[in-house]
Amino acid sequence: MNEVTNQKQVILDYLEHAYSGAKMMDDVEMMCRLTRAIIAFECDIFDKAPTWDEMWEEHFTKDMRVIQ
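1. Points about the overall build of the protein
- When its secondary structure is counted, the protein shows 4 helices and 0 strands.
- For the protein, the α and β elements follow one another from N to C terminus as α-α-α-α.
- A total of 68 residues make up the protein; the buried ones form 12% of that total.
- Roughly 6000 Å² of accessible area belongs to the protein as shown, and the carbon and sulfur atoms make up 60% of that amount.

Okay, here's the thing in structure tokens:
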């Protein structure tokens, strides 16, 4: 396992452990939040997230073309 994969697994293990604790405490709100975090980590959306410049370019320039 490379370093990034190992770090992600450590975080995922922590989130799953926290979810188990929230479930034992019957904390539904925390279970929902942790479920979202686990799904996001499993989907690797952080590796594919656009940069600020890419978002700006995509949305701002599209709006400016409509105005002109």
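2. Thoughts on the environment of Ile-11
- Along the polypeptide, Ile-11 turns up in helix H1 (residues 3–24).
- In this structure, the C-alpha to C-alpha distance between Ile-11 and Phe-41, residues 30 residues apart in sequence, is 8.6 Å.

3. Concerning unusual backbone geometry
- The phi dihedral of Asp-26 falls on the positive side, at around 60°, and the residue is not glycine.
- For Asp-26, the location among the structural elements is in the loop between H1 and helix H2 (28–43).

4. Description of the environment of Glu-42
- With respect to the helices, strands and loops of the structure, Glu-42 is situated in helix H2.
- With a relative accessible area of 51%, Glu-42 lands in the exposed category.
- Sequence separation between Glu-42 and Lys-8 is 34 residues, and the spatial gap between their C-alpha atoms is 9.1 Å.
- Those residues in contact with Glu-42, other than ones at most four positions away along the chain, are Leu-12 and Glu-16.

5. Let's talk about a negative patch on the surface
- There is a patch of like negative charges on the surface, built from Asp-53, Glu-54, Glu-57 and Glu-58.
- Within the element layout of this structure, Glu-54 appears in helix H4 (residues 52–67).

6. Let's talk about the nonpolar core
- In this structure, Leu-12, Leu-15, Ala-22, Met-31, Leu-34, Ile-38 and Phe-41 together form the largest nonpolar core, which totals 7 residues.
- Elements with a minimum of two residues in this core: H1 and H2.
- For this core, the leading source of residues is H2, giving 4 residues.
- When near neighbours in sequence (up to four residues on either side) are disregarded, Met-31 contacts Tyr-19, Ala-22 and Lys-23.

7. With respect to the confidence of the model for the protein
- The predicted model of the protein has a mean per-residue pLDDT of 78, with 66% of residues at 70 or higher.
- Summarising per-element confidence for the protein, the mean pLDDT is lowest in helix H3 (residues 45–48) (60) and highest in H1 (88).

Procedures and definitions
- Residues numbered from 1 in each chain as written.
- Predicted model: local features only at pLDDT ≥ 70, side-chain atom pairs only at ≥ 80, totals over all residues.
- Heavy atoms only, no water.
- Helix = DSSP H or I, 4+ residues; strand = E, 2+ residues; numbered from the N terminus.
- Buried < 20%, exposed > 50% of the residue type's maximum accessible area, 1.4 Å probe, protein only.
- Areas by Shrake-Rupley, 256 points an atom, 1.4 Å probe, with all protein chains shown as cover.
- Contact = heavy atoms within 4.5 Å.
- Patch = residues over 30% accessible without salt bridge, like charges linked within 9 Å, V, L, I, M, F, W, Y side chains within 5 Å.
- Salt bridge = Lys/Arg side-chain N within 4 Å of Asp/Glu carboxyl O.
- Lys, Arg positive; Asp, Glu negative; His and termini not counted.
- Charge placed at Lys NZ, Arg CZ, Asp CG, Glu CD.
- Core = buried A, V, L, I, M, F, W, Y, C linked by side-chain atoms within 4.5 Å.
- pLDDT = per-residue confidence, 0-100.

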